Amino acid sequence: MAIKKVVKFGGSSVANPERIRDAVSIVLQAAKKERVVVVVSAFQGVTNQLIESARLAETGDTKYQTMYNTLAKRHLGTLKQLHHNRPPAHVTENVQAMLTELSNVLQGIYLLRHSSPRALDLTASFGERLSALIISSFIQQSQPSCFVDSRELVMTDDQFTRAVVQFDKTNPAIRKYFKKLFEHSSRRLIPVVTGFIGSTDDGLTTTIGRNGSDYSAAIFGAALGVSLIEIWTDVDGILSADPRAVPSAFVVPTMSYEEAMELSYFGAKVLHASTIAPAVAKHIPIDIKNTLNPSAAGTHISHHISRWEGVAKGITSVDDCTLLTLRGMSMVGVPGIAERLFRALASHRVNVILISQASSEHTICFAISSMDAPAAKKAVHHEFHYELQSRLTSLDEKTQQTIVAIVGDGMKGTPGVSGKVFQALGRNSVNISAIAQGASERNISFVIDEEQKLRALNVIHEAFFEPRKKLGVVLIGPGNIGGTFLKQIHQQQSYLRSAGYDVRVCGIYDIGKAVFASKGIDLKRWRELLEIAPKKMKYPELLKQIAALQLTNAVLVDCTASPEIVNMYEDFVKLNMHIITPNKRANVLPWHRYTQLTELLKNRQKYFLYETNVGAGLPIISTLQDLIASGDQIVKIEGMFSGTLSHLFNYYNGTRPFSVLVQEALGLGYTEPDPREDLSGGDVARKLLILARQIGLKMDMEDIGIENLVPKQLRQGAFTKEFFQKYAKVDDLMLRRLEKAKAKGSVLRYVGVLQGGKASAGIKEVPANHMLASTKGSDNIIAFTTQRYSKTPLVVQGPGAGADVTAMGVFSDLLKLLHYLPQ
């Protein structure tokens, strides 16, 4: 007989006549080389429609007839298209007879208003029976083929919808049938077998679980002793994760039986959970291939443990679960509690997916399918009636749970795997309800809320499978600084990728307009995309849109000066976002709000980077942080912190009035639109406050002494150009101060000083040979006097303003964040 291969087709690979032709072409090619058996499932979507028809009929809804008519039309239409509108009469009669039988079954359910599991199995069986009959007839156009009803061969118990195969009866029946078949048939005969279904000893139709056609292929392959089982589907193989949840999932080329069994058990959709078992017993390899891409290598499953660079092979999940926890001090030290529990669950046919027991023996928790929850609770209440009634024990229920499993042979004996899993989840605020790890160390499973599933899957996938650190950027404020920052990200993409980073700008927001793309915005067109975006989005909607992106590693880049955006920082952190900003407002919030924000950042393990808050692109903050981290003691910080005031006093030599210099600086764009903001010294005070808080001082803005260069009578009201006429009154006073300084061989500079727990800012007379007198243009200069730098201060000097240098500083913070993120 020498059957070499079982080939299984299902799902979208038999979705329509065109796909069926592709599938049959693959079969015919294989049949040229060796004898094959084909196992098929129902056409795509048919099983769900059949079950829905039964449900409608059960409720007395006559729409079941409409659904039946649609199914009948589809199958008859497919038959006609495959045979160029001239199908063999006997095949048409057989298909029509099956459809009539289906109609009668649905009519019976409708009349009785009851659809038992037995009736559901019979209804569902028509999908495979019809598809196998139609596909077999199509193959017969090219070479001999026959329809095989697996109900005559696969014997099961009577656990309808999830029947258990009785191999002691099934295997001999399959071998006997095919031996006889090929003894009296052509060598080129291709049998087409119905997947998914079997029957009881008394001939009642059963199903072996949803997606059970894979299992059928393995059953027939093992019974016939084939060399290979091929599962043809609509993906290139078994992926590292569900691509609908994890866009970066990829095909895993090889797997061991054990890895595939673990993944399929925990919900991997490519294989039925029981498929592997018959193949394992006979050491039959399984190939997962793609009908739409037959040249793809696919995934090869065998008993060999493959070489693999990582420790894990895949992650998967089981949805719609319930977590039940039996707890009570009465359980501690009492033998047999677990046995009683699981015996009770088994007696009610409850399948337990995951078990976790505390070492204190105080609790046992177990995860089950939500549809089994009523039976499970009934079983527990019956078995532990006394303990529950006396309140010595309680049963807690947590619904809407998902089980996530990470699987891989390489996890065995590898230290730190569990730590890597749970650290990654913790950093992303994914709360775990229960944890379990098998003794084989091949699987780590945990239970989480369903709403956190996407984040958990992507976080774990990034931690174990992706070679580059991923970071999604959301930019608020694409003005001069923000726009330059986007330009720098675009220009540096090659460098970032070569350095092992995958940085994507996933959101840009500007004055009510926004554009979002989870896979990254095209930075060549961001202005165009933002321009055509509707101008409607308010801040609450902005938060919803960012949450909908489901980013794992994400950073908010705030390039505004907006207090409203700063007021939302806590909301962004709660969305698991790091923050990078040149906006100083967060770091000068009132002390209680500032500490509230920093505590939240700490608790959520999020980075807050703000190098550009002081000195634009100059490394002021990082230098100070490094000095403190190295154990140095800060004695004094002084310098010229304002580029505008630095420019004014560098050029003020008495030849022109001070007010004229201010007016010229406004015209050159060196000041804020309202130059009073620069002249007030407030910007210098904010920078001093930021530095003061860096060295641990509890200080607020009102604690800083500021010399305001705007007379009190000119500080109120909107700014107009008439301001300069009135401001000219300060020219004489400023000139007298300059002349007094010159007489001492000094110059005037606006200097900020932090020393002895106090901070102040104002005009100082600086000797001409002093470092502060050597600045040029709008340079900032900051000197750190420390215990180590006591004789000669550590000086940082350079441009302290400008879009290019500030954007560079923001980009530098982005690089730091990428470095900080775990690999």
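Everything here concerns the structure above.
Owing to the predicted nature of the structure, the values given are computational and were not obtained by experimental measurement.

A separate point is the overall build of the protein chain. Along the backbone of the protein chain there are 29 helices and 28 strands. Relative to the compact-globule value of 28 Å for 823 residues, the protein chain shows a C-alpha radius of gyration of 37 Å, a clear excess of over 25%. Taken over the C-alpha atoms alone, the protein chain extends approximately 120 × 70 × 55 Å along its principal axes. Looking at the protein chain as a whole, 54% of its 823 residues are labelled buried. Entry remark: accessible area of the protein chain is about 36700 Å², with carbon and sulfur atoms responsible for 51%. Of the charged side chains in the protein chain, 93 are positive and 77 negative; the average position of the first set lies 3 Å away from that of the second.

With that settled, the discussion passes to the pairing of strand 17 (residues 469-476). Counted residue by residue, strand 17 has eight buried out of eight residues, so it is predominantly covered. With eight bridges connecting them, strand 17 and strand 18 (residues 501-510) associate as parallel partners. Its bridge partner lying in strand 18, Lys470 is registered against Asp502. Direction of pairing for strand 17 relative to strand 20 (residues 554-558): parallel, over a ladder of five bridges. Bridging across to strand 20, Val474 finds its partner in Leu556.

This paragraph deals with the sheet that holds strand 24 (residues 704-706). In spatial order, the strands read 24-26-25-23-27-28; together these six strands make up an open sheet with mixed pairing. Across the chains shown, the open sheet's two edge strands, defined by having one partner strand only, are strand 24 and strand 28 (794-799). Averaged over all adjacent pairs, the angle separating strand axes in this sheet is 25 degrees, with direction ignored. Bridge count between strand 25 (residues 746-755) and strand 26 (residues 758-767): ten bridges; the pairing is antiparallel. Across the sheet, the residue bridging to Leu748 is Glu765, located in strand 26. Along the sheet, helix 28 (residues 731-743) contacts strand 25 and strand 26; its crossing angle with strand 25, the most-contacted strand, is approximately 95 degrees.

Further remarks concern the pairing of strand 21 (residues 577-580). The alternating pattern of strand 21 places Met577 and Ile579 and His578 and Ile580 on opposite faces, both of which are buried. In this sheet, strand 21 lies alongside strand 20 in parallel orientation, the contact comprising four bridges. When the bridges of strand 21 are listed, Leu556 appears paired with Ile579. With two bridges connecting them, strand 21 and strand 22 (residues 608-609) associate as parallel partners. By the bridge assignment, Ile580 is partnered in strand 22 with Leu609. Regarding the hand of the β-α-β motif, the stretch spanning strand 21, helix 21 (residues 591-603) and strand 22 is right-handed.

If you walk across this open sheet you meet the six strands as 12-13-11-14-16-15, and the pairing is antiparallel. What marks the edges here is a single partner per strand, and that holds for strand 12 (352-357) and strand 15 (432-437). Across this sheet, the average inter-strand angle for adjacent strands is 30 degrees, counted without regard to direction. Of the strand pairs in this sheet, strand 11 (residues 314-327) and strand 13 (residues 363-369) are connected by seven bridges, and their pairing is antiparallel. Looking at the pairing, Thr325 lines up with Cys365 of strand 13. Running over the sheet, helix 10 (residues 337-347) touches strand 12 and strand 13 and is turned about 20 degrees from strand 13. The strands that helix 14 (residues 453-465) touches are strand 11, strand 14 (394-407) and strand 16 (443-449); relative to strand 11, the one it contacts most, it runs at about 125 degrees.

Glancing now at the side chain of Glu230. For Glu230, the location among the structural elements is in strand 7 (residues 228-233). On the basis of relative accessibility, which here comes to 8%, the residue Glu230 falls in the buried class. Among the polar contacts listed, one links the side chain of Glu230 to the side chain of Trp232, at a separation of 2.8 Å. Beyond its immediate stretch of four places on either side in the chain, Glu230 contacts Lys5, Val6, Val7, Lys8 and Asp287.

One can describe the packing of helix 3 (residues 63-82) onto helix 5 (residues 117-139) by two numbers: an axis separation of 10 Å at closest approach and a directional angle of 10 degrees. In terms of their interaxial angle, helix 3 and helix 5 are classed as roughly parallel. Two secondary-structure elements touch here, helix 3 through His75, Thr78, Leu79 and Leu82 and helix 5 through Leu130, Ile134, Ser137 and Phe138.

Turning to the pattern of salt bridges, a few remarks are in order. This structure, assessed with the given rule, holds 30 salt bridges. In this structure, the salt-bridge partner of Glu387 is Arg340, at a minimum N-O distance of 3.0 Å. Within this pair, whereas Glu387 is found in helix 12 (residues 385-389), its partner Arg340 is found in helix 10, the two being separated by 47 residues in sequence. According to the relative accessible area criterion, Glu387 is buried, its value standing at 14%.

A few words now on helix 18 (residues 539-548). For helix 18, the complete set of buried residues consists of Leu542, Leu543 and Ile546. Along the axis of helix 18, the buried positions cluster into a sector of 100 degrees, meaning they face one direction only. Turned more than 90 degrees away from the buried face of helix 18 sit Pro540, Lys544 and Ala548, all of them exposed. Buried residues along helix 18 sit against strand 17, strand 18, strand 19 (513-516), helix 20 (569-574) and strand 21. Residue Gln550 follows helix 18 closely and has a positive phi angle near 55 degrees.

Membership of the largest hydrophobic core comes to 76 residues, with the highest contact counts inside it found for Leu542, Tyr569, Phe572, Phe658, Leu679, Leu691 and Tyr727. Looking at this core element by element, the count peaks at seven residues for helix 26 (residues 682-694). When near neighbours in sequence (up to four residues on either side) are disregarded, Tyr727 contacts Phe658, Ser659, Val662, Leu679, Leu709, Val710, Pro711 and Leu714. Counting residues in each nonpolar core, the second largest holds 48 residues, with Val7, Val27, Val40 and Leu71 among its members.

A positive phi is found at Arg391, a non-glycine position, where the angle reads about 60 degrees. Position of Arg391 relative to the elements: it lies in the loop between helix 12 and strand 14. Exposure remark for Arg391: the relative accessible area of 75% places this residue in the exposed category. Look at Ala616: it is not a glycine, yet its phi comes out positive at around 55 degrees.

The next subject is the packing of aromatic side chains. Inspection of the entire model under this criterion finds 19 aromatic pairs. Between Tyr177 and Phe178, the ring centres sit 5.3 Å apart and the planes meet at 80 degrees, which makes this aromatic pair edge-to-face. Between Phe250 and Phe465 the ring centres are 5.9 Å apart and the planes differ by 70 degrees, which places this aromatic pair in the edge-to-face class. Placement of Phe250 in the loop between strand 7 and strand 8 (254-256) and of Phe465 in helix 14 is noted, with a sequence separation of 215 residues between them.

Among the secondary structure elements, Met411 is positioned in the loop between strand 14 and helix 13 (417-427). Remark: the alpha-carbon pair of Met411 and Tyr670, spanning 259 residues in sequence, is separated by 59 Å. Those residues in contact with Met411 that sit more than four places away from it in its chain are Val311, Ala312, Ile406, Val417, Glu441, Arg442, Asn443 and Ile444.

Criteria and cut-off values
Residues numbered from 1 in each chain as written. Predicted model: local features only at pLDDT ≥ 70, side-chain atom pairs only at ≥ 80, totals over all residues. Heavy atoms only, no water. Helix = DSSP H or I, 4+ residues; strand = E, 2+ residues; numbered from the N terminus. Rg over C-alpha atoms; globule rule 2.2 N^0.38 Å. Buried < 20%, exposed > 50% of the residue type's maximum accessible area, 1.4 Å probe, protein only. Areas by Shrake-Rupley, 256 points an atom, 1.4 Å probe, with all protein chains shown as cover. Lys, Arg positive; Asp, Glu negative; His and termini not counted. Charge placed at Lys NZ, Arg CZ, Asp CG, Glu CD. Pairing = 2+ DSSP bridges. Axes fitted to C-alpha atoms, helices over the stretch in contact; angles between N-to-C directions. Contact = heavy atoms within 4.5 Å. Right-handed = clockwise from strand over helix to strand, strands pointing away. Polar contact = N/O pair within 3.5 Å; in protein donor to acceptor, adjacent residues only side chain to side chain. Parallel < 35°, antiparallel > 145°, perpendicular 65-115°, else oblique. Salt bridge = Lys/Arg side-chain N within 4 Å of Asp/Glu carboxyl O. Arc of directions from axis to C-beta. Core = buried A, V, L, I, M, F, W, Y, C linked by side-chain atoms within 4.5 Å. Phe/Tyr/Trp six-rings, centres within 6.5 Å; stacked < 30°, edge-to-face > 60°.

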